[in-house]
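This is what each chain is made of:
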Amino acid sequence: MAAAPEMRASDGDRDRVAAALREHVAEGRLTIDEFNERLEQVYQSRTYGELAKLTSDLPEIDLHRLPASTESVRRPRPARRDDKARAGLKAAWTAWAGASAVNWMIWLIVGISSGHFVYPWPMWVMGPWGVILLINTMAGTAGQSRRDT
């Protein structure tokens, strides 16, 4: 049984009409300005008739098949191996930067407190470690670009 135009609409009904309007924007039938105007009217509508007027010039979309909320449509993208590798490299570079900063601060404090030049030994800590990280980073991005093609 079809709903009578004078029947009161629920929040779910308004959300379905809003979802239909989003579909029409995505398909290029409405501009963003038209969408914003109609969306404002959707949430001010009280009856099925008022909601029907907002979509009367658009092709029919089965409003009951659309979700009441677009949040239920969006599913989180499963984590990919590339994302995990990128996060691991970021963590490794962060650890390298933190350790390097601590070593340089120790070197600076020792230099200031002793009153004479101290050999820059932190370079021996950060140099090899940084080179290895750089090679891993370059190899990871090269492998990723090969997989993308």
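Our structure is the block above this text.
Structural notes, computed from the coordinates. Here the structure is a predicted model, which is why all the values come from computation and not from measurement.

### Things to note about the pattern of salt bridges
Here's step 1: Going through the model one piece at a time under the given rule, you end up with 4 salt bridges.
Here's step 2: In this structure, R14 and D11 form a salt bridge, with 3.0 Å as the shortest nitrogen-oxygen distance. With R14 and D11 both in helix α1 (residues 11–26) and 3 residues apart, the pair spans about one turn of that helix.
Here's step 3: Look at R14 and you get buried, because its relative accessible area is 12%.
Here's step 4: Salt-bridge contacts for R29 lead to E27; the nearest nitrogen and oxygen are separated by 2.4 Å.
Here's step 5: Looking at R29, the relative accessible area reads 39%, which means it is partly exposed.

### Notes on the side chain of S45
Here's step 1: Mapping S45 onto the fold places it in the loop between α2 (32–44) and α3 (48–54).
Here's step 2: S45 gets classed as buried once you look at its relative accessible area, which sits at 6%.

### Quick look at α1
Here's step 1: Here α1 spans 22 Å end to end across 16 residues, near enough to the 22 Å set by a 1.5 Å rise per residue.
Here's step 2: Along α1, the residues that are buried comprise D13, R14, R16, V17, A18, A19, A20, L21 and H24.
Here's step 3: In this structure, the buried residues of α1 make contact with α2 and α3.
Here's step 4: Phi turns positive one or two residues past the end of α1, at G28, with a value near 85°.

### Structural notes on α2
Here's step 1: Across its 13 residues, α2 extends 19 Å between first and last C-alpha, which sits within 8% of the 18 Å expected from 1.5 Å per residue.
Here's step 2: Within α2 the residues assigned to the buried category are F35, R38, L39 and V42. Summarising the axial view, the buried residues of α2 lie within an arc of 110°, below the 170-degree limit, and thus occupy one face. Facing away from the buried side of α2 by more than 90 degrees, the exposed set consists of D33, E37, E40 and Q44.
Here's step 3: Buried-residue contacts for α2 involve α1 and α3.

Conventions we followed
- Residue positions are given per chain, counting from 1 as you read along its sequence in written order.
- Residue-level local features of this predicted model are given only where pLDDT is at least 70; pairs of side-chain atoms are given and counted only at 80 or more, and the full residue set underlies all totals for whole chains, interfaces and linings.
- Excluded from the side-chain calculation are hydrogens and water; included are all heavy atoms of the structure.
- The salt bridge criterion pairs a side-chain nitrogen of Lys or Arg with a carboxyl oxygen of Asp or Glu, the two atoms within 4 Å.
- Every helix listed is a DSSP run of H or I at least four residues long, and every strand listed is a run of E at least two residues long, numbered separately from the N terminus.
- Relative accessibility thresholds used throughout: buried, under 20% of the residue-type maximum; exposed, over 50%; partly exposed, between the two (1.4 Å probe, protein chains only).
- Helices are assigned an expected span. That span is 1.5 Å times one less than the residue count.
- We call two residues contacting when some pair of their heavy atoms lies within 4.5 Å.
- Read the arc as the range of directions from the helix axis to the C-beta atoms.

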